[in-house]
Structure formats: C-alpha cells, structure tokens
Amino acid sequence: MRVKKLPLPLPLLEQMALTRQNPRYHAEGSVLAHTEYVVEKYYELHEQFDLCESDRRILYWAAVLHDTGKTVTTIYEEGRWRSPGHEKAGLPIARNILMQQEDVSPIERQKILNLVRWHGFPLQWIRKSRKLDELKHLGTRTDLRLLGIFTTFDFHGRDCEYKEHTLDLIKDFQSKIVPHAEYELGSFDVLQKHYQRWNMRHKNAAWKAIRMGNPKFVERLLDAELSPDYKRFGKKVFFTIGPPLSGKTHYLTQQKPDLYRIDLEEFGIHEDLFESEFMIKRKIVEFKHSLVIFLNRYRHVALDGTNLEEKVRVSIMEMVRELEVEIEYMVFESSLEEILKRNVRKETPSDEETIRKMYGRWDLIHPWEAHSITYQ
C-alpha cells in the first residue's frame, strides 16, 4: 500500500530523509522511510480497533509526527546511530505543525503530543519488565489505550531483529496489560472527569500521589466520598504559561483587565536560576511572603510564567497549593511562525535564534499539575 505524501514542510521532510537510523532496529532506512512505513501501517491496521473519528485523527498525526525529534537529536556514537531524547525533542516540532491544523482540536492536540512524548515507553516497559504501577502512573497523563494501539503501528512500520516476537509482546501489552491497568485505575478520559469534579483538597491529594508515584492512593481517592465543604478556597492564582509573544499579555488585558498581574521576573524568578536548586528555592520562599500579601489584598492574581522550566513552575505551583489557594494554569499555545511574525512587528524585535530556542524548551504539563488547566 502506498500512502500520499506526508503533510509536513519540505525542509522537515528533507531533514527526515537525511536522518539515519541504526539498521539493527530500523533496516527500512531513514526517519522518513520509517515514518511513511508507520503511516502505511496505520491505514492498513486501524480498522481492526474500535476507534472514533477523533481517535483516528489522533493516531494518524501521531504516526506522522512521532519521530520528528530525531532530526535534531541523532548522533553517531560508538559505531551506531542513536537519537537520545528524541521523544521530548519532537514536541516543539510537532506542536508547531499541529497549531496550523484547523481540524485538530486543543484536546486532540494534547493527546497527539502525549503520544509523541511517550511513544517509546511501551517498548521500554516490555523489555525491562517494569511494574504495572509505572504504567498506571503514566495513565494519569496520557491515554494508554491509544498509546498501545499506536505502538502496534509503530513497530509494524519497521524492519528489525526479533520483529515477530516483539509484535507478540506488543499485542499482549495492547490487548491485555493496558486493559488490566485501566480496569484497576480507570481510563484516561474517566480519570480526567473524576479530577474535574473533585474538590480542591481531593485534587491536592491526587497531585501528591502523582509526585510520590503512588497510583494506589489515586485508586483510594476514586472510592472516597467527596466532601461538599471544601469546593473552593476563596483565593485564586492564575498562572500564565507559554513562550514569549504567545498572547498572554494581550489576553489578560482584553479578557481579565481587573486581575492584578505579577511579573515573576521582578521577584528574581527567571531562567538564569535554572542551574541552581538553592537559588530557585530561596527566591520562591521570598516570593511566597509577597504573594500572601497580594492575595489578602486582591484575592485573585495572575502570575506571568514566561518560559519557566518545569522544575521552577512546579515548585511555584506547590507553594501556592500549600497556601490553600486555588491555582489555574492558562496555557497559551501558538505556532512558531506566528510568534516570529509578531516579533517582526515589535518596535525592537528580539533575536530570532533566542525565540526559537525558547520555543523549543516548551514541554508538556501533567493534567493534574494545577487545579484546572485551560488552553488558550
């Protein structure tokens, strides 16, 4: 079966064609050859599974985008081609392309990006005989059913050693192990519905369980009765997240003009701190005292989290939770092309290479990291 040309920019297709792979695992050739092979297997096999139109769209784009990160991570080391960290490195490339697809909804976009980010996990889990709890833990942040199905397409779309044996293991993973994990914990969509209706204290407990890697505690939360007394804390922090020029300031000005806004950089919280755990903790403790004053005065405030790395963002979020304050992430997504256009229109444009670097630093957010998350 021959599939039509991949819906990707020509420069990226050329990079994929030039990116080599270890023939032991990818005898079919380049990243482009593998991707075309996976998309072919998607078309050939997807009708074997119970998939709605949205599921099919998610799996198709995952097939197209899953290995784009190899174009920027592939190295020749110790006599073989390797692509360490290509899953995460593919996120900004995939996000940039998906932001230009009008038929892909924000929810679908997040599911596609999660498949790109975690598509290597099933094979690692199978080969290293990991515990079921690790799979359940991942199931709180991505759709395991779609991940298992995608792994089927991914491995069918390659020529490698021990292919038939590995395909048997993948079939067991997709048809037995994933249903087992979802039976004990719940499917991704069901878990997100539970989280949305939980009160703030339940949500705080769920996040602590995630941080501890303890899905069994999440299972107990699912069975616990909700207390109607603690639905809201009365104070709220809106945390804006996204690269520069993604529309955060404009949105707050237009949609929430009365909201008191706090620039974290004015309190010494910026990317220069990323290399120092001590300074991160110190600056957040110092900021905590100011935040308490602002919350007592205004009750609702907005924090500008421009380009903060995950460890800094999470540290701030957990500090806010400790204050028994509701926290909502407002995530601003935009294509790199649109951000570069906005930069050119600025009176003093920023360095383009710096913008590209900051856009590439953007990782995924666990859906339970804040009490609520909205994508703008």
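Each remark here, short or long, concerns the structure printed above.
Residues numbered from 1 in each chain as written. Predicted model: local features only at pLDDT ≥ 70, side-chain atom pairs only at ≥ 80, totals over all residues. Heavy atoms only, no water.

A. Examining the sheet that holds strand β7 (residues 372–375) more closely. Strand order in this open sheet of 5 strands is β4-β5-β3-β6-β7, and the pairing throughout is parallel. Edge strands, defined here as strands with exactly one partner in the open sheet, are β4 (260–263) and β7. Strand-to-strand twist of the sheet, defined as the mean angle between neighbouring strand axes without regard to direction, takes the value 25°. The pairing of β4 with strand β5 (residues 300–304) spans 4 bridges and is classified as parallel. Across the sheet, residue Y260 finds its bridge partner in β5, namely V301. Here helix α15 (residues 277–298) sits on the sheet in contact with β3 (236–241), β4 and β5, set at roughly 140° to β5. (Pairing = 2+ DSSP bridges. Helix = DSSP H or I, 4+ residues; strand = E, 2+ residues; numbered from the N terminus. Axes fitted to C-alpha atoms, helices over the stretch in contact; angles between N-to-C directions. Contact = heavy atoms within 4.5 Å.)

B. Focus on the nonpolar core. One finds L8, L59, W61, V64, L65 and F153 to be the most contacted residues of the largest nonpolar core, which totals 52 residues. Looking at this core element by element, the count peaks at 8 residues for helix α3 (residues 53–65). Apart from the residues lying within four places of it in its own chain, the contact partners of V64 are L6, P7, L8, M16, T35 and V39. (Core = buried A, V, L, I, M, F, W, Y, C linked by side-chain atoms within 4.5 Å. Buried < 20%, exposed > 50% of the residue type's maximum accessible area, 1.4 Å probe, protein only.)

C. Spotlight on the environment of I107. Within the secondary structure, I107 is located in helix α6 (residues 106–118). For I107, a relative accessible area of 63% gives the class exposed.

D. Just the packing of aromatic side chains, in detail. What the rule picks out here adds up to 17 aromatic pairs. Seen in terms of ring centroids, Y195 and W198 are 6.0 Å apart; in terms of plane orientation they differ by 70°. Their pairing is edge-to-face. A connected cluster of aromatic rings, assembled from ring pairs, spans Y42, Y43, F49, Y60, W61 and F153. Lying across the ring of W118, R117 places its NZ or CZ 4.4 Å from the centre. (Phe/Tyr/Trp six-rings, centres within 6.5 Å; stacked < 30°, edge-to-face > 60°. Lys NZ or Arg CZ within 6 Å of the ring centre and 35° of its normal.)

E. The arrangement of helix α8 (residues 132–139) in detail. Here α8 has its buried residues at L135, K136, L138 and G139. Down the axis of α8, the sector holding all buried residues measures 160°, keeping them to one side. The secondary structure elements touched by the buried residues of α8 are α6, α7 (121–128), α9 (144–156), α10 (163–185), α11 (188–197) and α13 (215–223). (Arc of directions from axis to C-beta.)

F. Structural detail: the pairing of β5. The pairing of β3 with β5 spans 5 bridges and is classified as parallel. Looking across to β5, one finds that V237 is bridged to V301.

G. Focus on the side chain of H66. Turning to its location among the elements, H66 is positioned in the loop between α3 and α4 (70–73). A distance of 3.2 Å separates the side chain of H66 from the side chain of H34, its partner in a polar contact. Separated by 3.4 Å, the side chains of H66 and D154 make a polar contact. Not counting residues up to four positions away in its chain, the partners in contact with H66 are H34, T35, V38, H86, V116, H119, F150 and D154. (Polar contact = N/O pair within 3.5 Å; in protein donor to acceptor, adjacent residues only side chain to side chain.)

The values are spatial; any link to function lies outside them.
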